[in-house]
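Commentary on secondary and tertiary structure
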Amino acid sequence: GWSTQVGVRYLFENRIGGQTNFNYSTDKGSTNAYGQSVRIQQPEAWMKIAYRMNDQHRFAFYGSGFHQDQNSYFGITNYKAAQTNGYANFQYELGYANGSVVKSGISYRHLDLRERISFSNNSLNRTYAGNYDKIENIPGVFVENTWNMNGKDPDRLVLITGIRADHHNQFGWNVTPRALVKYKAAENT
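Let me sum up the structure you'll find in this document. (Residues numbered from 1 in each chain as written. Predicted model: local features only at pLDDT ≥ 70, side-chain atom pairs only at ≥ 80, totals over all residues. Heavy atoms only, no water.)

Taken as a whole, this structure holds 4 aromatic pairs when the rule is applied. Seen from their ring centres, W2 and Y51 are 4.9 Å apart, and the 45 degrees between their planes marks the pair as tilted. With W2 in strand β1 (residues 2–18) and Y51 in strand β2 (residues 35–52), this pair connects stretches of sequence that are 49 residues apart. What makes W2 exposed here is its relative accessible area of 65%. Among the aromatic side chains, those forming a connected cluster through ring pairs are F59, F90 and Y92. (Phe/Tyr/Trp six-rings, centres within 6.5 Å; stacked < 30°, edge-to-face > 60°. Helix = DSSP H or I, 4+ residues; strand = E, 2+ residues; numbered from the N terminus. Buried < 20%, exposed > 50% of the residue type's maximum accessible area, 1.4 Å probe, protein only.)

Written out as structure tokens, the structure is:
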């Protein structure tokens, strides 16, 4: 049958700090007294939808995303950023002997980051002011096998092998093999 999980979260943070004589309303971005302020807003959502056809066959979709806005001052440096992240994964799972599972599927990761750095006073001739933008799109495919090697106690000795291939919009293909052996010596070890 079907199963669904959904979660949402919202973060709002407003921090002010600095020297003891720093007054946010009059000294922000000035050289009167050192101070910093950080204002962050970040809504986030995630979901998992799965359909189990029977004990051996299952489909699952995972999705998540967040957006973060930040407006900050660190002394005379103003830093503004907006970041959007998204992730989606669709997979098929096939269960076989002793609780072993083969998973295969596709995934997609997206990042859109826009940073703005400016100075209210540049008497030190800093050179890193400007706009810094980055967009990443990474589709991928994967297959993973989790083999429970001990029939009497399926969690005692497990071998996980897999491979995934991702295509980054700037750096091209990246193929990542994986192998892991897990051994449980005793119940609580």
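Next, the rest of the story.
As paired elements, β2 and strand β3 (residues 57–74) share 15 bridges and run antiparallel to each other. Residue pairing for β3: Q36 is matched across the bridge by F74. Of the pairings in the sheet, the one linking β3 to strand β4 (residues 77–96) comprises 18 bridges and is antiparallel in character. If you follow A60 over to β4, its bridge partner there is Q91. Joining the antiparallel neighbours β3 and β4 is a turn of 2 residues, in which G75 adopts a positive phi near 65 degrees. (Pairing = 2+ DSSP bridges.)

As a further point, take the pattern of salt bridges. If you walk through the whole model with that rule in mind, you get 8 salt bridges. With its nearest N and O atoms 2.5 Å apart, the salt bridge here joins R15 to E13. According to the relative accessible area criterion, R15 is partly exposed, its value standing at 45%. Under the relative-accessibility criterion, E13 is labelled partly exposed at 26%. Overlapping salt bridges bring together D112, R114, R116 and D133 as one network. (Salt bridge = Lys/Arg side-chain N within 4 Å of Asp/Glu carboxyl O.)

Moving on, we come to the side chain of D27. Tracing the sequence through the fold places D27 in helix α1 (residues 24–27). For D27, which is buried and forms no salt bridge, the nearest opposite charge comes from K28, at a distance of 12 Å. A polar side-chain atom of D27 sits 3.5 Å from a polar atom in the side chain of T26. One polar contact links D27 to N32, side chain to side chain, over a distance of 3.1 Å. For D27, the residues in contact, after removing those within four places along its chain, are N21, F22, N32 and A33. (Lys, Arg positive; Asp, Glu negative; His and termini not counted. Polar contact = N/O pair within 3.5 Å; in protein donor to acceptor, adjacent residues only side chain to side chain. Contact = heavy atoms within 4.5 Å.)

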